[in-house]
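# Examination of the molecular architecture
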Amino acid sequence: MKGLLRKRMLEEWQTSWKNGDTGRKIYNIMPSVSLRPTNWIREDVIFFSQHGPFPAYHKRFHLSDSDYCSCCGIGTALHYAKECIYTMYWHMRKPAPNFEQEWLKRVANNLVSRQKIRGIIKFISESRYLFRPP
């Protein structure tokens, strides 16, 4: 009985996750639900959900008038991971635009890449004064 309940619960959860309106950025990286932990920490969630200390996020929720980073690029999570001059130490190779989603999946599953992501998020959080719009 316990196994049947578990199976039914996972099926309902998967259906809800697949048809939901929220969490689509994470859904695109992890389309299947699982009871196994992902071992993501706060910085991983911030980067992959793109909810955090990013000018584009602040502008989207009307917390700022500008979505630009102080280096004059649009301040998204991917901007900091690939092109911002202030986070150059942690940069990763740019994917072709049509492979960006696949790139995110690979980064999410690669511990070395996630360490870079964690460094970027910590640096942005500790150095907010650098990332104000021009």
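Below is a summary of the structure that appears in this document.

The rules behind these values
Residues numbered from 1 in each chain as written. Predicted model: local features only at pLDDT ≥ 70, side-chain atom pairs only at ≥ 80, totals over all residues. Heavy atoms only, no water. Helix = DSSP H or I, 4+ residues; strand = E, 2+ residues; numbered from the N terminus. Buried < 20%, exposed > 50% of the residue type's maximum accessible area, 1.4 Å probe, protein only. Contact = heavy atoms within 4.5 Å. Areas by Shrake-Rupley, 256 points an atom, 1.4 Å probe, with all protein chains shown as cover. Core = buried A, V, L, I, M, F, W, Y, C linked by side-chain atoms within 4.5 Å.

Here the focus is the overall build of the chain. Along its length, the chain carries seven helices and zero strands. Helices and strands appear in the chain in the N-to-C order α-α-α-α-α-α-α. Relative to its full complement of 134 residues, the chain shows a buried share of 34%. In the chain, the proportion of contacts linking residues at least 24 apart, taken out of those at least 6 apart, comes to 46%. About 9100 Å² of surface is accessible on the chain, with carbon and sulfur atoms providing 54% of the total.

If you look at the biggest cluster of nonpolar residues, it comprises 24 residues, and the most contacted ones within it are Phe-47, Phe-48, Phe-54, Tyr-80, Trp-103 and Leu-104. Among the elements of the structure, helix 2 (24-29), helix 3 (42-49), helix 5 (77-82), helix 6 (100-108) and helix 7 (111-126) are those that each provide at least two residues to this core. When residues no more than four places from it in sequence are discounted, the contact partners of Trp-103 are Leu-78, Ala-81, Lys-82, Met-92, Arg-93 and Pro-95.

Moving on, we get to unusual backbone geometry. The bulk of non-glycine residues show a negative phi, and the bulk of peptide bonds are trans. Positive phi is not limited to glycine here, since Gln-50 has a value of about 60 degrees. Take Gln-50: it is sitting in the loop between helix 3 and helix 4 (55-60). Look at Gln-50 and you get partly exposed, because its relative accessible area is 21%.

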